[in-house]
Amino acid sequence: MRAEYQNKRMACPAILWVVLLCTSTSLGADFTPGGKEGTVQNEILPTPTQQFTPGQLAAVARVASTAREASKNAAAQVEAMLAGEEFRKYWRELVGAELADLPAPELLDRIREGMHGAELVHAFPCSPDNPRTREMSIDDWNLTSALHAGYYPNQRTMYFVGIQSLRRVFDGYRWSLEGSAETKLMGYPEFTARRRLPNSPFFVKWPASLEESYNRPIYSAGNYQRSSLPIPTLFGNIQVVFARKYVDPGLIIAASDTGWKAGTCRPFLDLDLDSENNLNDFKAFKGRKVWDNPKDNYNCSAWPFKTSALGVVEAADHLILPNVYSEGPILQKLNVSFEEALARQYARLLDDDATSFDLTLDPLVPDHFGGSFSALFNSMYHEYNIGANVFFHDYSIKLVLASFSELFGSIEGKRVQQWSIRNQWLLAWGLSSDSSTVKSSTWRMLDPHVAGKIIHNVNLAPRDTELLTKMDSQRFWDAWANVSSI
């Protein structure tokens, strides 16, 4: 049945599929506010009054103070790799003539421009009962939460108001690990209260107020591959693309995923314990390994857990090579050099017509959660930490992405359309980067029903709005009905 379901979805009219390259160029169902879990439904998530809190801006300023010098010092090393024959061999195979032989300083300028305009994407599950996100211990808000919100909260706020809950000790481990990265690495303010984990002797640092919870970031990934759904859907089958002009002032950029780095390399763990405060005590209590990524899949020395591993929009050259070096062990297993990885990382970002991968020959990557070779590169993102309260009414979200294979033609898919229309956002249906049956992972289908309901969108020129409203809406609904009948 699942195979038939997938195949019928993929039989939709080809005329509806369009390339959409969105760079600068072209409540849980049940929650109680106040940090206590409960069963009060349809509660509105309290909206903060400031786009950027003083704590968020102070963290950005702290990172910027060291990033400028670190970026300046790293430029020569990056240019040396870009000028090398090993890099150029792969680069010429991937990009057009205009980029193939650009001098290294000019190519680095192009990479900077590409990073400045790259999509920043965050994923969340449509349903709170998504078994894939549960299996990965990834709890996020869901579409029911989003329909009752006027802004996009960070994870700390979600926990405080009860959208997320510390149901298990492992939830507390994740809270502590991510919280430590936010405070000890990025410099966001510490929480001043503490809370005991359920059925355990462990405590975690906890916001003393809703306002204190606002001081932390929203995690997002840079879509350098311009993938249809940049983040594997095990993290969420709805993905939002943030408007860069809105979030850039609050960005702290990391060389790779900070949770992945901290969970694998464990440079610190900020648990407040009644018993001895050390990781071995925690592991013994939990009785399971604390992270699923073995150290031989990640180079923990690729970038230090210091502020020099972080950048801001105008200073990030020092993050380019550590991003590739961190995946050294898995690249070595695949016989992929750092130069080849660097070429594949930026080819699609700079060239609309580049092909970073032959997706008909997309080998599986051993011992890697993403599965395939192309999925590995989707997971090699720069992490963009958005220190901002993202208000929906400010056109802070440029585009909503929904998984075609999981949501198109479904009741949940209808709800995604309603959410997009309510907030005047374009909706595109994407093909998952971790799908075993789909190879056209750079294609998206704009939803003509949603486009026709958009009265004003600052991300669209008037001629684009007119074009979208003339799309073949009847064929779209015929395809929807065809899938819904399964």
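Computed from a predicted model, the values in this text were never measured in an experiment.

Visitor: Now, about the overall build of the chain: what can you tell me, with residues and values included?
Guide: When you go through the chain residue by residue, the secondary structure sums to 22 helices and 14 strands. Residues counted as buried form 60% of the 486 residues belonging to the chain. A total accessible area of about 19100 Å² is found for the chain, and carbon and sulfur atoms account for 53% of it.

Visitor: Account for the nonpolar core, naming residues and giving values.
Guide: Ranked by internal contacts, the top residues of the largest apolar core, which has 132 residues, are Trp91, Tyr152, Trp419 and Trp429. Once residues within four sequence positions are removed from consideration, Trp91 is found in contact with Leu99, Ala100, Leu107, Ala343, Tyr346, Ala347 and Leu350.

Visitor: Break down the packing of helix H3 (residues 85-94) against helix H16 (residues 338-350) for me, with residues and values.
Guide: Viewed as axis vectors pointing N to C, H3 and H16 meet at an angle of 35°, and their least axial separation amounts to 9 Å. Here the hand of the crossing between H3 and H16 comes out right-handed. Residues Glu86, Phe87, Tyr90, Trp91 and Leu94 of H3 lie in contact with H16, whose contacting residues are Glu339, Glu340, Leu342, Ala343, Arg344, Tyr346, Ala347 and Leu350. Split by residue class, the contact of H3 with H16 holds nine nonpolar, no polar and four charged.

Visitor: Mind laying out the pairing of strand S1 (residues 120-124), listing which residues take part and the relevant values?
Guide: When a strand is regular, its side chains alternate between the sheet's two faces. Counting buried residues along S1, five of its five residues qualify, which places the element largely inside the surrounding structure. Neither face of S1 is open: one carries Leu120, His122 and Phe124, the other Val121 and Ala123, and all of them are buried. Pairing of S1 with strand S5 (residues 218-222) involves two bridges; the strand directions are antiparallel. Residue pairing in the sheet places Val121 in a bridge with Ala221 of S5.

Visitor: An account of helix H2 (residues 54-83) is requested, with residue identities and associated values reported.
Guide: Spanning 30 residues, H2 covers 42 Å between terminal C-alpha atoms, matching the ideal 44 Å at 1.5 Å per step. The sharpest bend along H2 measures roughly 35° and falls at Ala74.

Visitor: Describe the pattern of salt bridges, with residues and values.
Guide: Here the structure, examined in full by the defined rule, presents 14 salt bridges. Of the charged contacts in the structure, one is a salt bridge between Glu86 and Lys89, with a shortest N-O distance of 3.7 Å. Placement of both Glu86 and Lys89 in helix H3 is noted, with a separation of three residues, approximately one turn of the helix. Classification of Lys89 by relative accessible area gives partly exposed; the value is 41%. Put simply, Arg92 and Asp101 hold a salt bridge, and the shortest N to O gap is 2.8 Å. You can call Arg92 partly exposed: its relative accessible area is 38%.

Visitor: Before we move on, can you summarise the pairing of strand S6 (residues 238-242) with the specific residues and values?
Guide: The buried fraction of S6 is high, at five of five residues. Of the two faces of S6, both are covered, the one formed by Ile238, Val240 and Phe242 as well as the one formed by Gln239 and Val241. By the bridge criterion, five bridges tie S1 to S6 in an arrangement that is antiparallel. Bridged to Ala123 within S6 is Gln239.

Visitor: How would you sum up the confidence of the model for the chain? Please name residues and give values.
Guide: Looking at the chain, pLDDT values average 76 and 68% of them are 70 or higher. Mean pLDDT across the elements of the chain bottoms out in helix H1 (residues 2-10) (41) and peaks in helix H5 (residues 104-117) (97). Below pLDDT 50 for its whole length, residues 1-43 participates in 120 contacts with residues either more than four positions away or in separate chains. Counted against residues more than four places away or in other chains, residues 269-293, with its pLDDT under 50, gives 62 contacts.

What counts and how
Residues numbered from 1 in each chain as written. Predicted model: local features only at pLDDT ≥ 70, side-chain atom pairs only at ≥ 80, totals over all residues. Heavy atoms only, no water. Helix = DSSP H or I, 4+ residues; strand = E, 2+ residues; numbered from the N terminus. Buried < 20%, exposed > 50% of the residue type's maximum accessible area, 1.4 Å probe, protein only. Areas by Shrake-Rupley, 256 points an atom, 1.4 Å probe, with all protein chains shown as cover. Core = buried A, V, L, I, M, F, W, Y, C linked by side-chain atoms within 4.5 Å. Contact = heavy atoms within 4.5 Å. Axes fitted to C-alpha atoms, helices over the stretch in contact; angles between N-to-C directions. Left-handed = near helix turned anticlockwise from the far one by under 90°. Nonpolar A, V, L, I, M, F, W, Y, C, P; charged D, E, K, R; others polar. Pairing = 2+ DSSP bridges. Expected span 1.5 Å × (residues − 1). Bend = angle between axes of the 7 residues up to and from the residue. Salt bridge = Lys/Arg side-chain N within 4 Å of Asp/Glu carboxyl O. pLDDT = per-residue confidence, 0-100.

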